[in-house]
Amino acid sequence: MSPLQAWLAFVALCAFGLLLPFLPALRTLRRPEARNPAPEAEKDAPARIEAFRGMVAQQFAQLLQVVRESEPIQGANESGRPFIVLGFNKHLAECIPPATRRLRSLVLSAGHLDIPGELVCDREIFAEGRINVAHNAVVKSVLSHRDIAIGIRARVTRWVRSDRRLDVAEGGSVKGFASAGIEIALARRTRFEQLEAPRISFGRQPDSPARPALEDPVARFDPPSRRGEQLGNGRNLVIPPGHTVRGDLIVAGLLEIGDGCRIFGQLRADKGIVLGQDVQIEGAVYADGPISTGANCLVSGPLISASSLRLGPCSRVGKPDEPSTLAADELLVSEGCVAYGTVRAGRRGEVIDTRISA
Amino acid sequence: MNLPDAALTTSPTTPPSLLQRFAASRFGQALVALLMAAGLTWLSFRLLPALLRFWDAALLHLLSWLPLSDAMAGRMSLELPLWGEFETPAIQLWLAAADSQAWLGNLGGAALLFLLASLLRPALRSVVRALAGFHLATLLLQAASPLDYDVAQHTHHLAVISIGLLLSLPLVMAATHYIVERSHERRLLATLMIAAFLVLSLPLKLLAHAALLQFMSPLAMPTLFLVFGPAFDILCVSALYAWAITWRHHAG
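Residues numbered from 1 in each chain as written. Chains lettered and ligands numbered in written order. Predicted model: local features only at pLDDT ≥ 70, side-chain atom pairs only at ≥ 80, totals over all residues. Heavy atoms only, no water.

Student: Can you walk me through the pairing of strand 10 (residues 155-162) of chain A in this structure?
Tutor: If a strand is regular, its side chains alternate between the two faces of the sheet. Residues and elements named next belong to chain A. Pairing between strand 8 (residues 138-144) and strand 10: six bridges, direction parallel. Its bridge partner lying in strand 10, S144 is registered against S162. Sheet topology note: the strand 10/strand 12 (residues 173-180) ladder contains six bridges and is parallel. Bridged to S162 within strand 12 is A180. (Pairing = 2+ DSSP bridges. Helix = DSSP H or I, 4+ residues; strand = E, 2+ residues; numbered from the N terminus.)

What follows is the structure in structure tokens.
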């Protein structure tokens, strides 16, 4: 071996030894960035629900008819996925061994269906009657023609659809998409991501609405005096309590609306919006920064924040005949609130326990 | 009714024995991890004479290949309290004192490195500029008072740090990797993998340092020690550790 060859071999050996520990890191760096599957999954959720509904109607309609008055049927479909079909008055807990922790079967019921506590269900669940998911159970996807009740600290990981009413008990979690034909009712300390129903209620509702009957405008808001070329103090705007504003308010900084104000127009602020108590807004509210509202606020249009949103107790978003949108990356909703239409929480959505936060 | 096995995952019907329950408990896990770390440390100390012989043989073999003039493989010892003489491999290489050409080359190289750093990305730029600055500072220091530090001492200290890292590796892994990794096989494999890297890379590293010093100049010794010395060892160990720590996630 010539000296040059020896040096080349040595350099190659050193380079190999130098790079060897970092090869796994290079492999990781070359891997494409992991995309967040959640938004896509959310978009697909209604389509998936309909696909599952179609699959049940196509593949299991006859079985659900047959099983009504007979013993449960278990087997596997064409793709090899196991399933359990239950008739009336048959309980899932009687069909599985007592020590079962994880159920990998599709579960279908012709009547009511009770999911035992602590059970983890890896496949979809369908019932023509009511579905009760007991405490601490984890279910992937649930579809019912009637009501669905999610128990204490139970979790839904993909989607849940009730053609009537969906109730989530205290500490429950609905990750992904939840929709109901009539109403979704979330107890305190429940977590959610995307909700869609004609009426969505958060926490315990007040016995009687405490909203005061507002009279006709009693005061007019005068814009702040100009300072040079800019309006008021430039970036921020404060509307004093009890005023009525007819027109859009667009602010580059922080927008504060005093107690009892009425706004007939859109609100838009870059840094954030603070609404006092008993504020009524006939229009949309949008902020890049955080939004917080006091108690008993009413926003008839969409209420959207690009960062965080805290909805005060007994507030309303939308109207029964005019569904709206409540959306934020971090959405904290106090008890007694009601939203009509759609609620979306990007990173975190939670019903605040007002007993604790107070 | 009975469901197919594929449909259900049930808990084991036979109750675990006392030993199994102890091994699964946190205390049992911690005890096993500590015993493993202690055993591996004891094994490292026991194998140290054999490793020294391996490193000697590897250095001699590599030096017979490479036309590195006047280089000799040997051993140097360090007097340690509670230990006695701590022997490590070293390479003796006689280098002439730096002449004006070497000084100019090193000064020009540091300045060029500092200027060329502006072409790099901001994060890397700062690192390269700091390196150039460090090299410049060591040159000024050596101009003021020449270092009484030869290649043998340089390689000896490199070896001391690598061997120290090797001997402390099981305890380091027990304090970090063993906490998050529950599989004993993976714990053992990760520790042995990093140890094997340190063992195999030591003679290559010593020879590479000696060769670079002969090609460049003894003036580059402090910079070389900073860049490809203990910091680089720790970087390599961290890279392998980071790979090992992901095994469990891939398995999950």
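Moving on from the model shown.
Student: What is the right way to read the UniProt feature "transmembrane region" (unreviewed entry) in chain B from this model?
Tutor: Residues and elements named next belong to chain B. In the UniProt entry, the feature "transmembrane region" (unreviewed entry) is given for residues 23-43, 102-120, 127-145, 157-180, 192-212 and 224-244. Measuring from the first to the last C-alpha atom of residues 127-145 gives 27 Å, for a span that is 95% helix and 0% strand. Here residues 157-180 runs as 96% helix and 0% strand, with 33 Å between its end C-alpha atoms. (UniProt positions renumbered as here; feature names shortened; annotations may be inferred.)

Student: What's the story with the packing of helix 2 (residues 26-65) of chain B against helix 7 (residues 184-215) of chain B in this structure? I'm lost.
Tutor: Packed helices, taken two at a time, are described by the angle their axes make and the gap between the axes. Residue and element names in this part refer to chain B. Interaxial distance between helix 2 and helix 7 falls to 10 Å at its minimum, and their mutual angle equals 25°. One finds that helix 2 runs roughly parallel with respect to helix 7. Crossing of helix 2 over helix 7 shows right-handed handedness. Residue-level contacts link Q29, V32, A33, M36, L40, L51, F54, W55, A58, L59, L62 and L63 of helix 2 to H184, R187, L188, T191, L192, V199, L200, L202, P203, L204, L206 and L207 of helix 7. Residues that form the contact of helix 2 with helix 7 fall into these classes: 20 nonpolar, three polar and one charged. (Axes fitted to C-alpha atoms, helices over the stretch in contact; angles between N-to-C directions. Parallel < 35°, antiparallel > 145°, perpendicular 65-115°, else oblique. Left-handed = near helix turned anticlockwise from the far one by under 90°. Contact = heavy atoms within 4.5 Å. Nonpolar A, V, L, I, M, F, W, Y, C, P; charged D, E, K, R; others polar.)

Student: So what exactly am I meant to see when it comes to unusual backbone geometry here?
Tutor: Residues apart from glycine generally show negative phi values, whereas peptide bonds are mostly found in trans. All names here are of chain A. A positive phi angle, near 65°, is found at N136, a position not held by glycine. If you trace the backbone, N136 turns up in the loop between strand 7 (131-133) and strand 8. On the accessibility criterion, N136 (24% relative accessible area) is partly exposed. Positive phi values are uncommon outside glycine, yet N296 reaches one of about 60°. With respect to the helices and strands, N296 occurs in the loop between strand 26 (291-293) and strand 27 (298-299). (Buried < 20%, exposed > 50% of the residue type's maximum accessible area, 1.4 Å probe, protein only.)

Student: Would you mind going over the pattern of salt bridges with me for this structure?
Tutor: Should their charged atoms come close, side chains of opposite charge can pair. If you walk through the whole model with that rule in mind, you get 30 salt bridges over all chains. Here E170(A) and R189(A) are joined by a salt bridge, their closest N and O atoms 2.7 Å apart. Of the two residues, E170(A) is situated in the loop between strand 11 (165-168) and strand 12 and R189(A) in the loop between strand 13 (183-186) and strand 14 (191-202); the sequence distance between them amounts to 19 residues. Overall, the relative accessible area of 34% leaves R189(A) in the partly exposed class. With its nearest N and O atoms 2.6 Å apart, the salt bridge here joins D233(B) to K205(B). In this pair, D233(B) sits in helix 9 (residues 230-245) while K205(B) sits in helix 7, placing the two residues 28 residues apart along the sequence. Comparing D233(B) with K205(B) shows no difference in burial state: the two are buried. (Salt bridge = Lys/Arg side-chain N within 4 Å of Asp/Glu carboxyl O.)

Student: How do you make sense of the environment of L136(B) when you look at a structure like this?
Tutor: Residue and element names in this part refer to chain B. For L136, the position within the fold is in helix 4 (residues 122-144). For L136, a relative accessible area of 34% translates into the label partly exposed. Taking the C-alpha atoms as reference, L136 lies 8.0 Å from A111; in sequence the two are 25 residues apart.

Student: Would you mind going over the packing of aromatic side chains with me for this structure?
Tutor: For any two aromatic rings, the description comes down to two numbers: the centre-to-centre distance and the angle of the planes. Counted according to the given criterion, the structure contains eight aromatic pairs over all chains. Each ring, one from W243(B) and one from W247(B), has its centre 5.4 Å from the other, and the planes form 85°; the classification is edge-to-face. A relative accessible area of 16% places W247(B) in the buried class. Through successive ring pairs, a cluster of aromatic residues spans W7(A), F10(A) and F215(B). In this structure, R246(A) is placed above the aromatic ring of F264(A), and the distance from its NZ or CZ to the ring centre is 4.5 Å. It is R129(B) that lies over the ring of F114(B); its NZ or CZ is 5.3 Å from the centre. (Phe/Tyr/Trp six-rings, centres within 6.5 Å; stacked < 30°, edge-to-face > 60°. Lys NZ or Arg CZ within 6 Å of the ring centre and 35° of its normal.)

Student: Honestly, the side chain of H177(B) in this entry has me stumped. Any pointers?
Tutor: Note that H177(B) resides in helix 6 (residues 177-180). With near-sequence residues (within four places) excluded, H177(B) lies in contact with R186(B), R187(B), A190(B), Y241(B), A244(B) and I245(B).

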